[in-house]
Amino acid sequence: MEEVYTQIANLGFPIVISIYLLVRIEGKLDDLTKSINELSKVITSMK
């Protein structure tokens, strides 16, 4: 039974951290995409 707990600890922690980081990065990527689209519109209007 102790082996099961060890496996859960060894696999569960990295999975939780990965999911947390992916969720945080997703929001930042959305903001970055919006900024790039806005910049593209501004550059196009300047021509």
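Residues numbered from 1 in each chain as written. Predicted model: local features only at pLDDT ≥ 70, side-chain atom pairs only at ≥ 80, totals over all residues. Heavy atoms only, no water.

By the naming in an unreviewed UniProt entry, the protein goes by YvrJ family protein and is assigned to Anaerosalibacter bizertensis.

What about the overall build of the protein?
Tallying secondary structure elements over the protein gives one helix and zero strands in all. Along the longest, intermediate and shortest principal axes, the C-alpha atoms of the protein span 70 × 10 × 5 Å. Counting across all 47 residues of the protein, residues that qualify as buried make up 0%. Looking at the protein as shown, the accessible area adds up to about 4,700 Å², and 67% of this sits on carbon and sulfur atoms. Computed over 5 positive and 6 negative side-chain charges, the separation of the two mean positions in the protein equals 18 Å. (Helix = DSSP H or I, 4+ residues; strand = E, 2+ residues; numbered from the N terminus. Buried < 20%, exposed > 50% of the residue type's maximum accessible area, 1.4 Å probe, protein only. Areas by Shrake-Rupley, 256 points an atom, 1.4 Å probe, with all protein chains shown as cover. Lys, Arg positive; Asp, Glu negative; His and termini not counted. Charge placed at Lys NZ, Arg CZ, Asp CG, Glu CD.)

Some points on a nonpolar patch on the surface
On the surface, a nonpolar cluster with roughly 790 Å² of combined accessible area is contributed by Phe 13, Ile 17, Tyr 20, Leu 21, Ile 25, Leu 29, Leu 32 and Ile 36. Looking at the secondary structure, you find Phe 13 in helix α1 (residues 2-46). For Phe 13, a relative accessible area of 57% puts it in the exposed group. (Patch = residues over 30% accessible without salt bridge, like charges linked within 9 Å, V, L, I, M, F, W, Y side chains within 5 Å. Salt bridge = Lys/Arg side-chain N within 4 Å of Asp/Glu carboxyl O.)

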